[in-house]
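Each chain, written out:
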Amino acid sequence: MNKDTLELSKEEMKAYGYSVVDAVVAHYDTLNDRSPIATGSRKEMDSLFLEEAPEKPSDPKEVLDFVIEKVMDKGAIAAHPKFFSFVPGPSNYISAMADTLATGYNVFSGGWSQSPPAAELEIVTISWLLKIFGFPVKKGGGIFTSGGSMANLTAIVTARRVKCGDDFSKAIIYLSDQAHSSNIKAIRTIGFRKEQIRLIPTDSEFKFSTIKLKNAIAKDRLEGLQPFCVIGTAGTTNTGTVDPLKEIAAICKEEKLWFHIDGAYGGAAILDKKGKELLKGISKADSITVDPHKWFFQPYEMGCLLIRNHKYLKSTFVEKPEYLRDVEGNESEINFYDHGVQLTRRFRALKFYMSLKTFGLKAFRKAISYNIELAEKTEKLLRKSSQWEIVSPATLAIINFRYNPIGNSYSEKELDALNQKISESVLASKEAFLVTTVLNGQVVLRMCLINPRTSFKDVKDTIALCEQFA
Ligand SMILES: *Cc1c(COP(=O)(O)O)cnc(C)c1O
């Protein structure tokens, strides 16, 4: 180890790297047999890790072993087949190694000239996605971001720039009460006041109510305000519900509003036949968020914004004097720092590229179809039982249900407490990660089944466990 230059010898690097790979492989190899649940209080964590920044060096292997044992093996496992909550992170090994390569080479994925192949791979993989989502491949564009939150933020900034220019004091943005919280966060981050946000109620199926949307737009226009953007959701996080995309697209066209679709979770379902049918209209958006680190099986962090007209990204984010345009090189050679917030960016496209090349798109299609069918099978299973009530049916691999045996005399409050308790007991058993959500004021259990390694038996065993606790 050469401490003056922060270097290891060639042999040390190899030994160290192989140990890292061994640990990651052991993780993949054993994760099914471990608990998906993490525990640990701040106090416990402090007692393990809290110390002054060390002035003196330590043995590299000792640090590594400590970290693998105390850090890496102690987190929740979002790729576990019984991790049913939030949106799981099924990931895949090829992409994990691709990330390792990208970091190992420390590729700067900001400007074309720093790494033409890296920029090209982002262009190519984005064009794959454009085609998948029915966006114009030539005119369209996009950018990889840290996640769906940043993709939504990038979309809203672009929409505002295109529709409002510099003065957005009267601009109004519309989204449903089931839209993901990251949208509101983004809207606030970019400086909108509360009065500029319209949260439109959803209907009984948790879909954006287009009548209420139309009414709200009309009212705002009458008051001299400036409607500029509607955010629809293709696969809400709670229930997997897809908003009436075609109808909203028609409203946006007529009203000349930007239509952004948040498909962070559900967008990937377009690779399935039924999913594609459900997502009809998605190609009519001005921009779409998808989150490859969810249902495209990529490791964190990877979100993506697709945009119908790629020029809008550049005209929103470029921060260079116009007179430098001519020395900037070919227009087609994209500097991705001009298309989003980040200047220095990691090489996210690589993992998407390598995993798709390795497994093939067909494998992704199959995995996604399997997940959608698994949720449908789960619904059937629950419907056959007299103990369970389906609160929101299997939609894009999400299902919501609650324990509510036929003929019982529990009050709503008691049912809420009962279902809450079931979830708590499952977590305490450490067998499965299954938490509740609230729909129509009812506490319900929610399963998000986007892991292709989750078997029907995993689901059945978990439901049996719930019944046992109930
Ligand atoms: C997960 C999710 C987001 C946020 O994405 P991150 O990658 O967590 O930043 C946004 N919208 C929807 C619909 C989501 O499911």
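Thresholds, definitions, all that
- Residues numbered from 1 in each chain as written.
- Predicted model: local features only at pLDDT ≥ 70, side-chain atom pairs only at ≥ 80, totals over all residues.
- Heavy atoms only, no water.
- UniProt positions renumbered as here; feature names shortened; annotations may be inferred.
- Pairing = 2+ DSSP bridges.
- Helix = DSSP H or I, 4+ residues; strand = E, 2+ residues; numbered from the N terminus.
- Axes fitted to C-alpha atoms, helices over the stretch in contact; angles between N-to-C directions.
- Contact = heavy atoms within 4.5 Å.
- Buried < 20%, exposed > 50% of the residue type's maximum accessible area, 1.4 Å probe, protein only.
- Domains from an automatic or database assignment.
- Buried area = accessible area lost by both parts, 1.4 Å probe.

The name given to the protein chain in an unreviewed UniProt entry is Glutamate or tyrosine decarboxylase, with the source organism recorded as Dokdonia pacifica. As recorded by UniProt, the Sequence similarities (unreviewed entry) comment attached to the protein chain reads in full: "Belongs to the group II decarboxylase family."

Chemist: Please explain the sheet that holds strand 11 (residues 442–448) as it appears in this structure.
Modeler: Strand pairing in a sheet relies on backbone hydrogen bonds, with the paired strands running either antiparallel or parallel. Read across the open sheet, the four strands follow the order 8-9-11-10; overall the sheet is antiparallel. Of all strands in the sheet, those bounded by a partner on one side alone are strand 8 (388–395) and strand 10 (436–439). Strand-to-strand, the axes of this sheet are offset by a mean angle of 35°, without reference to chain direction. Where strand 10 meets strand 11, four bridges bridge the pair, whose relative direction is antiparallel. Bridge assignment links Val438 to a residue of strand 11, and that residue is Val443. Those strands touched by helix 13 (residues 361–384) are strand 8, strand 9 (398–403) and strand 11, and its axis lies near 160° from that of strand 8.

Chemist: Would you explain the UniProt feature "modified residue: N6-(pyridoxal phosphate)lysine" (unreviewed entry) in the protein chain in this entry?
Modeler: What UniProt calls "modified residue: N6-(pyridoxal phosphate)lysine" (unreviewed entry) maps, in this numbering, to Lys294. Take Lys294: it is sitting in the loop between strand 6 (287–290) and strand 7 (303–307). With relative accessibility at 14%, the residue Lys294 sits in the buried group. Apart from residues lying up to four places away in sequence, Lys294 is in contact with Val87, Pro88, Pro90, Ala264, Tyr265 and Ile450.

Chemist: Which parts of the structure should I look at to understand the domain arrangement of the protein chain?
Modeler: The accessible area lost on association of the parts is a frequent measure of interface size. When the domains of the protein chain are assigned, the result is domain 1 (1–33 + 39–73), domain 2 (107–359) and domain 3 (362–469). Taking the mean C-alpha position of each, domain 2 and domain 3 sit 31 Å from one another. At the interface, 26 residues of domain 2 touch 23 residues of domain 3. Buried surface at the junction of domain 2 and domain 3, summed over both partners, amounts to about 2,100 Å²; 67% is from carbon and sulfur atoms. Three residues, Leu271, Trp295 and Phe297, lead the burial of domain 2 against domain 3; their summed loss comes to 29% of the area buried on that side.

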